[in-house]
Amino acid sequence: DAKTTQPPSMDCAEGRAANLPCNHSTISGNEYVYWYRQIHSQGPQYIIHGLKNNETNEMASLIITEDRKSSTLILPHATLRDTAVYYCIVRVPNSGGSNYKLTFGKGTLLTVNP
Amino acid sequence: DARVTQTPRHKVTEMGQEVTMRCQPILGHNTVFWYRQTMMQGLELLAYFRNRAPLDDSGMPKDRFSAEMPDATLATLKIQPSEPRDSAVYFCASATGTGGDIQYFGAGTRLSVL
């Protein structure tokens, strides 16, 4: 799996958009970008994933640069409940071997302030 | 609302005792993972199963840890004998193994070995 780089922490005001960056400069052509988050004392929660096109679901939007070397997770209207550690992971789904697992780095602690 | 169920949520035991943690994956998911989370190591994979067969348990201390899937609705992780360094939160996750191969996590078992 390609390594990812995320800022250790970010702050965001409640109601504003939270933009969480992730660098994955060594990503290979068949690796997807996944985002998970972990709210305190809970298990990790899947947010969104994508290959090269921008993706949106009910939780967030994922913007992947054209060269795929970086991406941004956008929470359009952050709430206090979005305070969590956000993990950016790149992997090839369903490919067997070590790619079955999610390799979690340290992630970004997003704190949403009132 | 389908979810991964883990029991017990909390376990306090004394060193040397056997500990058994249980996981009920989401119905229809054929891949099950055990992760461990500590402050020092973060989230790390211990073992995973596909169609109840163990595919990788290289992350698990072999002498004291064992993981099994007696049937498709139950996965177990046992520690015998337990040691204080085993204190951690243990997460189970399940996935369909197809499509986006999204992993869904349980709430975890918080283990304290005294």
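Residues numbered from 1 in each chain as written. Chains lettered and ligands numbered in written order. Predicted model: local features only at pLDDT ≥ 70, side-chain atom pairs only at ≥ 80, totals over all residues. Heavy atoms only, no water.

Quick word on the overall build of chain A
Across its full length, chain A carries 0 helices and 9 strands. Across chain A, helices and strands are ordered from the amino to the carboxyl terminus as β-β-β-β-β-β-β-β-β. In terms of C-alpha radius of gyration, chain A reaches 13 Å, essentially the compact-globule figure of 13 Å for 114 residues. Across its three principal directions, the C-alpha atoms of chain A cover 45 × 30 × 25 Å. The 114 residues of chain A split such that 46% are buried. Long-range pairs, those at least 24 residues apart, make up 58% of the contacts in chain A with a sequence separation of at least 6. Surface accessibility of chain A: about 5,700 Å² in total, with carbon and sulfur atoms responsible for 49%. Treating the 10 positive side-chain charges of chain A as one cloud and the 9 negative ones as another, the clouds have centres 6 Å apart. (Helix = DSSP H or I, 4+ residues; strand = E, 2+ residues; numbered from the N terminus. Rg over C-alpha atoms; globule rule 2.2 N^0.38 Å. Buried < 20%, exposed > 50% of the residue type's maximum accessible area, 1.4 Å probe, protein only. Contact = heavy atoms within 4.5 Å. Areas by Shrake-Rupley, 256 points an atom, 1.4 Å probe, with all protein chains shown as cover. Lys, Arg positive; Asp, Glu negative; His and termini not counted. Charge placed at Lys NZ, Arg CZ, Asp CG, Glu CD.)

Quick look at the sheet that holds strand E8 (residues 74–79) of chain B
All names here are of chain B. In space, the 4 strands of this open sheet follow the order E1-E3-E8-E7, with antiparallel pairing throughout. The sheet is open, and its two borders are formed by strand E1 (5–7) and strand E7 (65–71), each paired with just one other strand. Between one strand and the next, the sheet's axes are offset by a mean angle of 20 degrees, whatever the strand orientation. Of the strand pairs in this sheet, strand E3 (residues 19–24) and E8 are connected by 5 bridges, and their pairing is antiparallel. Residue pairing in the sheet places Thr 20 in a bridge with Lys 78 of E8. (Pairing = 2+ DSSP bridges. Axes fitted to C-alpha atoms, helices over the stretch in contact; angles between N-to-C directions.)

So, the interface of chain A and chain B
Counting residues at the interface gives 18 residues for chain A, matched by 21 residues for chain B. Counting each side, the surface lost to burial between chain A and chain B is near 1,600 Å², with a carbon and sulfur contribution of 53%. Between chain A and chain B we count 0 salt bridges in total. Summed over the shared surface of chain A and chain B, the number is 3 residue pairs in polar contact (both at pLDDT 80 or more). By residue number, the principal contributor to the side of chain A that touches chain B is strand E3 (residues 32–38) of chain A, which donates 3 residues. (Buried area = accessible area lost by both parts, 1.4 Å probe. Salt bridge = Lys/Arg side-chain N within 4 Å of Asp/Glu carboxyl O. Polar contact = N/O pair within 3.5 Å; in protein donor to acceptor, adjacent residues only side chain to side chain.)

With respect to the confidence of the model for chain B
Of the residues in chain B, 97% reach a pLDDT of 70 or more, and the chain-wide mean stands at 93. Put simply, strand E6 (residues 53–56) of chain B is where chain B has its lowest mean pLDDT, 86, and E3(B) is where it has its highest, 98. (pLDDT = per-residue confidence, 0-100.)

Structural notes on the side chain of Thr13(B)
Mapped onto the elements, Thr13(B) comes out in strand E2 (residues 10–13). Apart from the residues within four sequence positions on either side, Thr13(B) is in contact with Val19(B), Ser82(B), Leu111(B), Ser112(B), Val113(B) and Leu114(B).

Remarks on the packing of aromatic side chains
The relative placement of two aromatic rings is captured by the distance of their centres and the angle of their planes. Applying the stated criterion across every chain, the model contains 9 aromatic pairs over all chains. A centroid spacing of 5.3 Å and a plane angle of 40 degrees characterise the contact between Tyr35(B) and Phe105(B), whose relative ring orientation is tilted. Of this pair, Tyr35(B) sits in strand E4 (residues 31–38) while Phe105(B) sits in strand E10 (residues 104–105), placing them 70 residues apart in sequence. The pair formed by Tyr35(B) and Phe105(B) is uniform in burial state, with each residue classed as buried. An aromatic cluster of at least three residues, connected via ring pairs, comprises Tyr36(A), Tyr46(A), Tyr87(A), Phe104(A), Phe33(B), Tyr35(B), Tyr48(B) and Phe105(B). Sitting over the ring of Tyr34(A), Arg91(A) keeps its end group 5.1 Å from the ring centre. (Phe/Tyr/Trp six-rings, centres within 6.5 Å; stacked < 30°, edge-to-face > 60°. Lys NZ or Arg CZ within 6 Å of the ring centre and 35° of its normal.)

Some remarks on the pattern of salt bridges
Residue and element names in this part refer to chain B. Within the structure shown, the criterion is met by 6 salt bridges over all chains. For the salt bridge of Glu 44 with Arg 36, the shortest nitrogen-to-oxygen distance reads 3.2 Å. The exposure class assigned to Glu 44 is partly exposed, which follows from its relative accessible area of 25%. The salt bridge involving Asp 86 is made with Arg 64; its shortest N-O contact spans 2.6 Å. With Asp 86 in the loop between E8 and strand E9 (88–95) and Arg 64 in the loop between E6 and E7, this residue pair connects regions lying 22 residues apart in the sequence. Note on Asp 86: relative accessible area 1%, which makes it buried. We classify Arg 64 as buried; its relative accessible area is 7%. A single salt-bridge network, built from bridges that share partners, covers Arg 64, Glu 83, Arg 85 and Asp 86.

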